[in-house]
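Report on the structure
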Amino acid sequence: MSLRESSRLMDKSSPTLRKGEGLDRHKLQLFLQKNNITSGDISIEQFQSGFSNLTYLIKCREGEFVLRRPPNGANIKSAHDMGREFKVLTLLKPVYDKVPSPTIYCDDDSVIGSPFYLMERVQGIILRSSPPKSMSLTPSLMRTISENAVDNLAALHSLDIHSTGLIDLGKPEGYAKRQVEGWISRYEKSKTDQLPSMAELSNWIASNVPEDNPPTMIHNDYKYDNLVLSLNNHGEIKAVLDWEMATVGDPMMDLGTTLAYWSEIADSSALKPFSLTWMPGNLKRRQVIDRYQLRTGNEVKNIVFYFAYASFKLGVICQQIYARYKRGSTTDARFASLIGVVNACGQNGMKAVEKDRISEW
């Protein structure tokens, strides 16, 4: 595959900004000039993928940058705190080479209407919900990508959170219980439909929270479409993106989230867009656990709980986005069908509870 063909597989940006999601180019340009990011004009394109924070490509004579800002109608003091995400990248960069270099953070709403930050653009390939037309995802390649994905998560969980200062990013005591209570509360506040599967799952996880495991740095949204693969070696992970929910906490909660995203061939079709892990060659979820244990030296216990919790959490994330769409805070047509994904998440979590396993239904 040529470099030109590979470049087409990178996360797509478009000169057309979605309605209501434009940026004031003149004000942004002045800000970047004032802070010595560029001395000339800039252009703005919007990345069309993703459902959470809004992401833009900023081009100037000095190079290319990625700008991230909260979505319209979101609570920026919670999961969309740009200042915190910038701090995460700043602390991680010296000790973990799989993050883009942070460039600048701005908390002045007068520039583009919300806080935002800039980071370097990492060139590479991102695997989205459909196999790229110009890239052959052979079983051998998918095996390599899946193994490297697990190894990289294990490496993140192995960082020394104390000597690096990463411990300052979270409050690990009581993390699991706090997260369960928080996601149940978020669901109740954003609920638009009565879904028995989510109600049952909510009750079950609330009654089965285990004791916390020793804390590590966790990503909390670790999946294929947050991984940037090398243009020259498609199995190599160059960077991990979207650190908006990263913190210090129970690594099993993080592994559970990855496993909930890790769709298998027998899963509901509504869950397949989460990841291309259902394609031939990928590790199965039970094999992910085996490899993770091998790389970390830590035994994985209570995995049904962590998978069930994460399935509920993913359902809530989709529910929150769907609720913004129902309120009219966003007009993105992709969000209209998300209620079906919410229901599928609930059903997948309850299936694990009822079968007492998380893989190969």
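Residues numbered from 1 in each chain as written. Predicted model: local features only at pLDDT ≥ 70, side-chain atom pairs only at ≥ 80, totals over all residues. Heavy atoms only, no water.

**Side note on the side chain of Arg 291**
Quick reminder of the rule: Runs of E in the DSSP output that reach at least two residues are strands. Runs of H or I that reach at least four are helices, and both are numbered from the N terminus. The classification of residues rests on relative accessible area computed with a 1.4 Å probe and restricted to protein chains. Under 20% of the type maximum is buried, over 50% is exposed, and intermediate values are partly exposed. Whether two residues touch is decided by their heavy atoms; if any such pair falls within 4.5 Å, the residues are in contact.
In this fold, Arg 291 is placed in helix α9 (residues 285-296). Note on Arg 291: relative accessible area 18%, which makes it buried. When near neighbours in sequence (up to four residues on either side) are disregarded, Arg 291 contacts Glu 147, Val 150, Asp 151 and Leu 283.

**Remarks on the packing of aromatic side chains**
Counted only if it meets this: Between rings of Phe, Tyr and Trp, where Trp is taken as its six-membered ring, a pair exists when centres lie within 6.5 Å; planes separated by under 30 degrees are stacked, by over 60 edge-to-face, and by other angles tilted. Comment: the charge-over-ring label is applied if NZ (Lys) or CZ (Arg) is within 6 Å of the ring centre and within 35 degrees of the ring normal.
For the coordinates displayed, the defined rule picks out 10 aromatic pairs. Measuring from centroid to centroid gives 5.7 Å for Tyr 187 and Phe 312, while their planes differ by 70°, and the two rings are edge-to-face. Placement of Tyr 187 in helix α6 (residues 175-190) and of Phe 312 in helix α10 (residues 303-327) is noted, with a sequence separation of 125 residues between them. There is no split in this pair, since Tyr 187 and Phe 312 are both buried. Measuring from centroid to centroid gives 6.4 Å for Phe 305 and Tyr 309, while their planes differ by 15°, and the two rings are stacked. With a gap of four residues between them, Phe 305 and Tyr 309 both fall in helix α10, about one helical turn apart. The pair formed by Phe 305 and Tyr 309 is uniform in burial state, with each residue classed as buried. Of the aromatic side chains, those joined through ring pairs into one cluster are Trp 204, Phe 305, Tyr 306 and Tyr 309. Against the face of Trp 183 rests Arg 186, its NZ or CZ located 4.4 Å from the ring centre. The positively charged end of Lys 272 is found above the aromatic ring belonging to Trp 278, 5.8 Å away from the centroid.

**Here we look at the nonpolar core**
Side chains of a nonpolar character, in soluble globular proteins, are inclined to be buried together. Quick note on the threshold: Buried residues of nine kinds, namely Ala, Val, Leu, Ile, Met, Phe, Trp, Tyr and Cys, make up a nonpolar core once their side-chain atoms join them within 4.5 Å.
Grouped together as the largest cluster of nonpolar side chains are 93 residues, with contacts concentrated most on Leu 92, Leu 127, Met 217 and Trp 243. Residue contributions to this core peak at 15 residues, all from α10. The contacts of Met 217, once residues within four sequence positions are left out, are Val 88, Leu 92, Leu 156, His 157, Ile 161, Leu 166, Leu 169, Ala 246, Thr 247 and Val 248. In this structure, Leu 23, Ile 58, Ile 104 and Val 111 belong to the second largest nonpolar core, which totals 19 residues.

**Some words on the pairing of strand β6 (residues 116-120)**
Operational definition: Strands qualify as paired when DSSP identifies two bridges or more between them.
Taking burial as the measure, the five residues of β6 include four buried ones, the bulk of the element. Both strand β4 (residues 63-69) and β6 contribute to a ladder of four bridges, which runs antiparallel. Across the sheet, the residue bridging to Leu 67 is Leu 118, located in β6. The sheet contact formed by strand β5 (residues 102-106) and β6 spans four bridges and is antiparallel.

**Some words on helix α8 (residues 251-261)**
Structurally, the α-helix is built with 3.6 residues per turn, so residues lying three or four positions apart point the same way. To be explicit about the condition: Contacts described as polar in this section are N or O atom pairs within 3.5 Å, which, within protein, must combine one atom able to donate a hydrogen with one able to accept it, while residues neighboring in sequence count only if both atoms come from side chains.
Of all 11 residues that make up α8, 11 are buried, and the element is covered over most of its length. Buried residues of α8: Pro 251, Met 252, Met 253, Asp 254, Leu 255, Gly 256, Thr 257, Thr 258, Leu 259, Ala 260 and Tyr 261, and no others. At its buried positions, α8 is contacted by α5 (139-157), α6, β7 (216-218), β10 (247-249), α9 and α10. Where α8 begins, the capping side chain belongs to Asp 250, and its oxygen is found 2.9 Å from the backbone nitrogen of Met 252.

**Looking at the confidence of the model for the protein chain**
Fine structural detail should not be taken from predicted coordinates in areas where pLDDT scores are low. For the record, the criterion: A residue's pLDDT is the predictor's confidence in that residue, given on a scale from 0 to 100.
On average, residues of the protein chain carry a pLDDT of 91, and 92% of them reach 70 or more. Below a pLDDT of 50 lies the segment residues 1-10, which in the model reaches 20 contacts outside its immediate sequence neighbourhood of four places, other chains included.

**Side note on the pattern of salt bridges**
Here is the rule: Between Lys or Arg on one side and Asp or Glu on the other, a salt bridge is scored when a side-chain nitrogen of the former is within 4 Å of a carboxyl oxygen of the latter.
Using the criterion set out here, one finds 17 salt bridges in the structure. Across the pair Asp 225 and Arg 128 runs a salt bridge, and its minimum N-O distance is 3.4 Å. Placement of Asp 225 in the loop between β7 and β8 (227-229) and of Arg 128 in the loop between β6 and α5 is noted, with a sequence separation of 97 residues between them. Taking the relative accessible area as the measure of exposure, Arg 128 reaches 22% and is therefore partly exposed. With a closest N to O distance of 3.3 Å, Lys 191 and Glu 188 form a salt bridge.

**Digging into the packing of α8 against α9**
Any two packed helices are characterised by the angle at which their axes cross and by the distance between the axes. Stated formally: Structural elements are reduced to axes, namely lines fitted to C-alpha atoms, with helices fitted over the stretch in contact, and the angle between N-to-C directions of any two is expressed from 0 to 180 degrees. The sense of a crossing depends on the near helix, which, turned anticlockwise from the far helix by less than a right angle, makes the crossing left-handed and, turned clockwise, makes it right-handed. In this classification, the charged set is Asp, Glu, Lys and Arg, the nonpolar set is Ala, Val, Leu, Ile, Met, Phe, Trp, Tyr, Cys and Pro, and all remaining amino acids, among them Gly, are polar.
One can describe the packing of α8 onto α9 by two numbers: an axis separation of 10 Å at closest approach and a directional angle of 145°. The handedness of the crossing between α8 and α9 is right-handed. In contact with Pro 251, Met 252, Leu 255 and Leu 259 of α8, α9 contributes Arg 285, Val 288, Ile 289 and Tyr 292. Tallied by class, residues from the contact of α8 with α9 come to seven nonpolar, no polar and one charged.

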